[in-house]
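# Close look at the chain arrangement
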Amino acid sequence: MPQRPDPERAAWASAAVRRSAAATNLLVAGRAVRVLGGDPRDAAALAGLLTALGARVAADDEPVDQLWCLGDPDESTAAVERAADRPRGATLVVVDAGRYAPAVDEDAFGPVAPARPGVLAVPALSDDVFLVSTGREPEHDPAAAARIRWARRSMPVSRALTADLRDDGLLRGTRVLVAMVLEPKTAVLSLLLRDAGADVVVYAHADETDDAVAAVLREAGLPVHASSTASLAEQHALALAALDTRPHVLLDDGSHLIRLTHQERPDLLPTMLGAAEETTSGLRPLRVMAERGTLGIPVVAVNDARTKTVPDNRYGTGQSTVFATLDLVDGLPSGAHRVRPGGTAVVAGYGPVGEGVAQVLAALGLRVTVADVDPVRALQARLAGHAVAPLVDAVRGADLVVSASGVPDTIDHAVLRACAAGAVVSVAGGVDREVALVDAATAGAVRAAEASHVERLTWPDGHQVVVLAGGNGVNTSAAEGNPVEVMDLSFAVQLGAVRMLLERGDELERAVVPVDPAVDEATARAALAAWGSRHAPPLRPAAQPADREPDVRTHRFGDPS
């Protein structure tokens, strides 16, 4: 069993990987990487962390997606120039992860230009090579147009599917309402739909709105009903205004606008082809409505597609939630919280999101305990190497508590009171009231801001915990959401759902309907091709003569005839 790096080295590797991810908004899992030079112990710690997060160390003669440079700049220059010889469109991210001094000479490749905040392009070398430095302080320039361009180049599957929709002419004259977290990837989806012929309208909740991105979409001519400063009443008005554009197709995240349509604009339902919902928590109430016979349109369960649930919920949300949480914690004084390298973490809920969160926390060296009321999921967590305990017991000694259930009152008042003093509470994804802040306030607890997206909750008896992002999804409220490649797949499934609704929405049952298996297969094939991987064609049963029934007899004991 490989020896764990010392805490200081592990903390350095964690910060380096998180800074690179924050700069690029790219996924670690699934990428071919190479670590070059530096102290062998640093290189081993970094390579170990990258592989624990799902990356793969490439063979010496294999192309890489990420080149991590730790040592001599001259050695790095030669390696970058070799790696730059690659197929057009295959992105190479060069990460200067020098621990004590720069490991990449940025001037060696000719003039550089900002590709997005924290990322430099080197056009004299290649249009597909980009430089990132983990030693450079994170940039807070909104640079929305640049971030949208960056996202677009990393969303080949969505680009291909919208091109097919455009060529087929299916979207002409179709009004599509995009009601999702408003950040660069959603902007790309909205613009791709517009370019494919749709009339696109955008809505987002205040805590999920990037105002700079909204401004870019407005400049592009799209109606955007969103503001990060909108009050609850103003958000309600913005949502109704978006619905009053009378969309034919609604792409939702949390099913809030689908439900609002039924509650306050039921007259729209007869003219709608349907909707698509991409979250577990959003599908739950829709299934109840379908069982009651009150769901008035078909809703495609995008969340349940295999190419959404595994890449997005597990790998995407796992990475983005944990990285955003620890980035916020790193900005606090060390005495302001309990979180430390090698400490303890509790994950509430062990569905696909909880699996991903637990995996990333463990990869970063934290000891994870899982709490799930479903005994099968609790058993899965135990078999994955995590401790298992009831939530109220698990949190008593935990440094970090992450709710990954998507269920209201998961972190109820009793759990908050049971948390260790100074524990950090964070939410992955999130639904309304997932953390019982209202109940805490009723019991006399006071919320006090300590930093951006960080509050301390203190009770009259002095007990206190740190709550991130107001109890909302930390990855979307306090960071840039899931990695670009992951959202490319999720949006590709959304586009497959759009095609389903356009081609046969009138035939679909007024219920929660599954994504066509062909959509999953096409999305996965396109993603593998975009990532430079080949896969075996699906196995088909041997041809059966039309006039002969399949032989289902056992041949284990000889020829049955």
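Definitions and limits used
- Residues numbered from 1 in each chain as written.
- Predicted model: local features only at pLDDT ≥ 70, side-chain atom pairs only at ≥ 80, totals over all residues.
- Heavy atoms only, no water.
- Helix = DSSP H or I, 4+ residues; strand = E, 2+ residues; numbered from the N terminus.
- Polar contact = N/O pair within 3.5 Å; in protein donor to acceptor, adjacent residues only side chain to side chain.
- Contact = heavy atoms within 4.5 Å.
- Pairing = 2+ DSSP bridges.
- 1 Å grid on protein atoms, 1.4 Å probe; cavity = no way out; pocket = protein on both sides within 12 Å on 5 of 7 lines; lining within 4 Å.
- Points joined across faces, edges and corners; volume = space filled by probe spheres on them.
- Nonpolar A, V, L, I, M, F, W, Y, C, P; charged D, E, K, R; others polar.
- Axes fitted to C-alpha atoms, helices over the stretch in contact; angles between N-to-C directions.
- Phe/Tyr/Trp six-rings, centres within 6.5 Å; stacked < 30°, edge-to-face > 60°.
- Buried < 20%, exposed > 50% of the residue type's maximum accessible area, 1.4 Å probe, protein only.
- Lys NZ or Arg CZ within 6 Å of the ring centre and 35° of its normal.
- Patch = residues over 30% accessible without salt bridge, like charges linked within 9 Å, V, L, I, M, F, W, Y side chains within 5 Å.
- Areas by Shrake-Rupley, 256 points an atom, 1.4 Å probe, with all protein chains shown as cover.
- Salt bridge = Lys/Arg side-chain N within 4 Å of Asp/Glu carboxyl O.
- Lys, Arg positive; Asp, Glu negative; His and termini not counted.
- Charge placed at Lys NZ, Arg CZ, Asp CG, Glu CD.
- Right-handed = clockwise from strand over helix to strand, strands pointing away.
- Core = buried A, V, L, I, M, F, W, Y, C linked by side-chain atoms within 4.5 Å.

It is worth spelling out the side chain of H262 at this point. Positionally, H262 belongs in helix 9 (residues 256–264). At 2.8 Å, the side chain of H262 forms a polar contact with the backbone oxygen of I258. Apart from residues lying up to four places away in sequence, H262 is in contact with L269, M289, T294, L295, G296 and I297.

Attention now goes to the sheet that holds strand 7 (residues 129–133). Taken in spatial order, the 7 strands of this open sheet run 2-1-3-4-7-6-5, and their pairing is mixed. The strands lining the two open edges of the sheet, one partner per strand, are strand 2 (56–57) and strand 5 (113–116). Relative to strand 2, strand 1 (residues 32–36) runs parallel, the two sharing 2 bridges. In the sheet register, V33 faces strand 2, and the bridge partner there is V57.

Take empty space enclosed by the protein next. The probe, sized like a water molecule, is rolled over the atoms to show the empty space still left. A full pass over the atoms with the stated rule returns 4 cavities of 30 Å³ or more. Roughly 80 Å³ of internal volume is contained in the largest cavity. Around the largest cavity sit L27, V28, A29, L53, R314, Y315, G318, Q319, F323, G356, Q359 and V360, which together line it. Residue contributions to the lining of the largest cavity peak at 5 residues, all from helix 11 (residues 306–330). Of the residues contributing to the lining of the largest cavity, the split by class is 7 nonpolar, 4 polar and 1 charged.

Assignment of secondary structure puts P156 in helix 5 (residues 156–168). Between the C-alpha atom of P156 and that of D488, which follows or precedes it by 332 residues, the distance is 7.3 Å. In contact with P156, other than residues within four places in its own chain, are D488 and A530.

The next thing to look at is the sheet that holds strand 12 (residues 274–277). Read from one edge of the open sheet, 7 strands run 10-9-8-11-12-13-22, paired in parallel fashion. If you trace the sheet from one side to the other, it starts and ends with strand 10 (224–225) and strand 22 (512–513), each paired once. Of the strand pairs in this sheet, strand 8 (residues 175–179) and strand 11 (residues 249–252) are connected by 4 bridges, and their pairing is parallel. The residue bridging L177 from the neighbouring strand is L250, located in strand 11. Packed on one face of the sheet, helix 8 (residues 232–243) meets strand 8, strand 9 (199–203) and strand 10 and runs near 165° to strand 9.

All told, the structure shown has 1 aromatic pair when counted by the stated rule. Measuring from ring centre to ring centre gives 4.9 Å for F130 and W150, while their planes differ by 85°; the resulting arrangement is edge-to-face. A residue pair is termed long-range when its members are at least 10 positions apart, and F130 in strand 7 and W150 in helix 4 (residues 144–153) qualify at 20 residues. W150 gets classed as buried once you look at its relative accessible area, which sits at 3%. Here the basic side chain of R31 rests over the ring of W531, its NZ or CZ set 4.1 Å away from the ring centre.

The buried count for strand 7 comes to 5 of 5 residues, which makes it a mostly enclosed element. Here strand 7 shows no split at all, with V129, L131 and S133 on one side and F130 and V132 on the other all buried. Pairing of strand 4 (residues 92–96) with strand 7 involves 5 bridges; the strand directions are parallel. Its bridge partner lying in strand 7, V95 is registered against V132. Bridge analysis of strand 6 (residues 119–121) against strand 7 gives 2 bridges, and the strand direction is antiparallel. Each bridged residue has a counterpart across the sheet, and for A121 the counterpart in strand 7 is F130.

Tracing the sequence through the fold places G254 in the loop between strand 11 and helix 9. Look at G254 and you get buried, because its relative accessible area is 8%. Taking the C-alpha atoms as reference points, G254 and L232, 22 residues apart in sequence, are found 16 Å from one another. In contact with G254, other than residues within four places in its own chain, are R259, E277, T279 and G282.

Once that is clear, we can look at the environment of V200. Tracing the backbone through its elements, the reader meets V200 in strand 9. The class of V200 is buried, set by a relative accessible area of 5%. Separated by 57 residues in sequence, V200 and L257 have C-alpha atoms that sit 15 Å apart.

Our focus in this paragraph is a negative patch on the surface. Judged by side-chain charge, D72, D74, E75, D105 and D107 come together as a negatively charged surface patch. With respect to the secondary-structure elements, D107 resides in the loop between strand 4 and strand 5.

Burial analysis of strand 15 (residues 367–371) places 4 of its 5 residues in the buried class, the great majority of the element. As paired strands, strand 14 (residues 344–348) and strand 15 are joined by 5 bridges and run parallel to one another. Considered in strand 15, the bridge of A348 is made with A371. For the handedness criterion, the β-α-β arrangement of strand 14, helix 12 (residues 352–363) and strand 15 is classed as right-handed. Judged from the 2 bridges that link them, strand 15 and strand 16 (residues 387–388) form a sheet pairing that is parallel.

Ranked by size, the top nonpolar core spans 106 residues in total, and within it W68, L193, L251 and L361 carry the most contacts. Here this core takes 10 residues from helix 18 (residues 484–504), the largest share from any one element. In contact with W68, other than residues within four places in its own chain, are A16, V17, S20, V33, R34, V35, L36, L46, L50, V95, A97 and T134.

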